[in-house]
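# Structural overview for review
Listed here are the chains, written in short residue letters.
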Amino acid sequence: MSVIERTAQAVPTAPAERRVRLGGVTRESVLTLLGAAAGSLALDWVLYERVLPLSGAFGFLVVWYLLFLAMTWGLGRLQWDARTVRERLVQTVVGSSGVLVVALIVDQIVYVAIRGSHAASHSNFFTQSMETTATLSPITSGGALNAVVGSLEQLGLATLFAVPLGIAAAVFMSEVGGRLARPVRTVVEAMTALPSIVAGLFILGVVILSLGVQKCGFAASLALTVMMMPIVTRAAEVVIRLVPGTLREASYALGGSQWRTVLNVVLPTARPGLVTAVVLGMARGVGETSPVLLTSGFTSGMNADPFSDHQVSLPLYIWNYVRYPAPDMVARGFAAALTLMAMVLVLFVTARLIGGRRPGDLSRRQRRRLQREMAAS
Amino acid sequence: MADFVTADDGQGTGLDASSDAGFDAGEDRPRRITAPVSAGDRIFRGLLRAAGLSVFAIMGLIAFFLLYRGLQALRSSGWSFFTEQNWLTQAHVFGIAAVLPDGIIIALVALAIAVPVALTAAVFISEYAPVRIRSALVSLVDLMAAIPSIVYGLWGLFFLQPRIVGFVRWLTMHLGGVLPFLKVRTGDIDTSYTSSPFIAGTVVSLMIIPIIASLSREVFSQAPQGEREGAYALGSTRWGMVRKVVLPFGRGGVIGAVMLGFGRAMGETIAVALIISPKFLVTGHILENGANSISALIALRFGESDALSLSALMAAGLVLFLLTLLVNMVASVVIGRSRSGAATAD
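The shown structure was predicted, so the numbers you read here are calculated from the model rather than taken from an experiment. (Residues numbered from 1 in each chain as written. Chains lettered and ligands numbered in written order. Predicted model: local features only at pLDDT ≥ 70, side-chain atom pairs only at ≥ 80, totals over all residues. Heavy atoms only, no water.)

## Some thoughts on the UniProt feature "transmembrane region" (unreviewed entry) in chain A
Per the UniProt record, the feature "transmembrane region" (unreviewed entry) sits at residues 29-48, 54-76, 88-114, 155-174, 186-212, 218-240, 261-283 and 334-355 of chain A. Span residues 88-114 of chain A is 100% helix and 0% strand, its end C-alpha atoms 37 Å apart. (UniProt positions renumbered as here; feature names shortened; annotations may be inferred. Helix = DSSP H or I, 4+ residues; strand = E, 2+ residues; numbered from the N terminus.)

## Let's talk about the interface of chain A and chain B
Across the boundary between the two partners, chain A contributes 92 residues, which contact 86 residues of chain B. Across the chain A to chain B interface the summed buried area is about 7,800 Å²; carbon plus sulfur atoms make up 77%. Inspection of the region where chain A meets chain B yields one salt bridge. Two residues, D142 of chain B and R352 of chain A, come together in a salt bridge whose shortest N-O distance is 2.9 Å. If you tally residues by element for the side of chain A that touches chain B, the top one is helix α4 (residues 82-120) of chain A, at 20 residues. (Contact = heavy atoms within 4.5 Å. Buried area = accessible area lost by both parts, 1.4 Å probe. Salt bridge = Lys/Arg side-chain N within 4 Å of Asp/Glu carboxyl O.)

## Points about the packing of helix α9 (residues 238-267) of chain B against helix α12 (residues 307-337) of chain B
Helix packing geometry: the angle between the two helix axes and the distance between the axes. All names here are of chain B. Running from N to C, α9 and α12 point in directions that differ by 170 degrees, and their axes come no closer than 8 Å. The pairing of α9 with α12 is recorded here as roughly antiparallel in orientation. Packed against α9, whose contacting residues are G252, G253, I255, G256, A257, M259, L260, F262, G263, M266 and G267, the element α12 presents L320, L323, T324, V327, N328, V330, A331, V334 and I335 at the interface. Class assignment of the residues belonging to the contact of α9 with α12 gives a composition of 13 nonpolar, seven polar and no charged. (Axes fitted to C-alpha atoms, helices over the stretch in contact; angles between N-to-C directions. Parallel < 35°, antiparallel > 145°, perpendicular 65-115°, else oblique. Nonpolar A, V, L, I, M, F, W, Y, C, P; charged D, E, K, R; others polar.)

## What to know about the UniProt feature "transmembrane region" (unreviewed entry) in chain B
Residues given the UniProt feature "transmembrane region" (unreviewed entry) here are residues 50-71, 91-124, 136-158, 194-213 and 307-331 of chain B. Between the end C-alpha atoms of residues 91-124 of chain B there is a gap of 54 Å, over a span that is 76% helix and 6% strand.

## Description of the environment of E49 of chain A
Residues and elements named next belong to chain A. Residue placement: E49 occurs in helix α2 (residues 27-51). A relative accessible area of 45% places E49 in the partly exposed class. Expressed as a C-alpha distance, the spacing of E49 and P244, which sit 195 residues apart in the sequence, is 64 Å. (Buried < 20%, exposed > 50% of the residue type's maximum accessible area, 1.4 Å probe, protein only.)

Okay, here's the thing in structure tokens:
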């Protein structure tokens, strides 16, 4: 009998090990936070409404937060040592920062939804243009159909230009490489940060002033292309790099040339990620206002032809109408903002749903098809 | 990168017999490996290279055309373009000495608000948030970056501005005496406090929070696991670990992220143009009505039809373009030189 076996017999009934939970939420910490929140709210109310000559919701929140931190510290100090309290306080500060970011996003969406629902709940908003609507016309006349059509057409054209160019540039950086890859990457990064108004100014200077093209939807889509292309390139390069090298080597070993390998192996493998890249670029492009402002021109009427005459899009529609003093005009602007937000959200969620898979992972449908084929064979 | 590797002659293939035979060592040079490229591949690579080079073409054309179109104005004004505060193109008196500093002031206000929020949020997402909600938070920050700037502008103009006036009044009354830049000299009526660089900067801060937060989160999450565990093993608390391991590791990345945010804030147009009431004077009183920036100036004035006005806007756009380019280049150098940047690079 070896030593090890003997010791194993000597301690036969050690209690089953339980994993020690580090950190985690205790009742004390939760109650401390709740107490501090309630106390600071009450004190804030007293200060704001009774003692000090203060007003405004923003200041109320700022003071509440500062009081809350002070009370968290005080209440913590009653129970724990200084180091624990500091630890908890940091946790509270960074946590509230996360909550703030979430609250800001929710606030943007909810506020636009509330202000926009007034005009958007009338069906004429989506079936009419503003051609026959005067400044003081009631909300039951006029709409944003022209802007929706313009936005979709300009976005479609811009996608048509930006996607092949952007993906080709990404393939160049990751598949061809060479000395040029690094400078191209640097310039693409600089292009992502290009101020949108400069993109508009550029197209205004080249296409409209120098080439003499009229302000139209096509010019706007060129400006959007300049904004969308680097976004598509950067996102596409990341996913193309994730394609396993073994797949490429397999293709080469079978005698495939490089262009065959890229078109038949690399790009199809990276397809979900590429779609995500494209859709993210579209989500960014559809909301761009300043490039469109300088290049497409404004019209209140319907114009479905992007190649001639002024064409309005949703951001431009909003920019134009919210600056009217008439409340109904502002309501139309908000309804257009709600439409725009909805488009951005749909695009964004689509991108996330598709982008959840890594390159090479199969979708549920593909997996089912594969199973069917295997069962059949 | 993924080239064919083939021998250009048959001699080197198989076992290397030459070394056994004791040939002259000078003969034993590394063999040059060349890849035969088919015509199809050559065309394919040419197309891809053209696409890659198109970004140089676009950026070059932007610089060239802004300069070409702005030359008329630059000739007309000479060096006073950089010293003149007014913008009266009809009278041939115009310059960016007011709009440029005013735009920088708005960007600095935005940074002052965005940096603390974005960094603490990044620390929260990468270090404190429960693992289950982490990816959701990352998506939300990305969504925040995708919200159109005109929506932020609407929010700032109609939602934030009426609610922030009371706070601004309190700031100027109690701190205006101590800190001169918080003074408001136009009397205690609500319109003195609206359309100010402060409110515009607050709205712009919302747009740069996601940029700074997502970049910083990325570098924070790459802090080496070994060093984290080392800190814990030495008895560090979580905040101690974050302060001594994660934050120093991410310093370069964070500085770069803040500079990128600054560049973005400089170029932000629509939200600023919606909120401010334009003025052409550098006052430095950030709570007072009246502000300006190059991009807002372009957005508000591009409708002027005479050639000189447009040319002046092009020249201003060129300055903005070069400035943001410079900021971004410096930022990427800072990120690339830092330890975290080296870790994130390919």
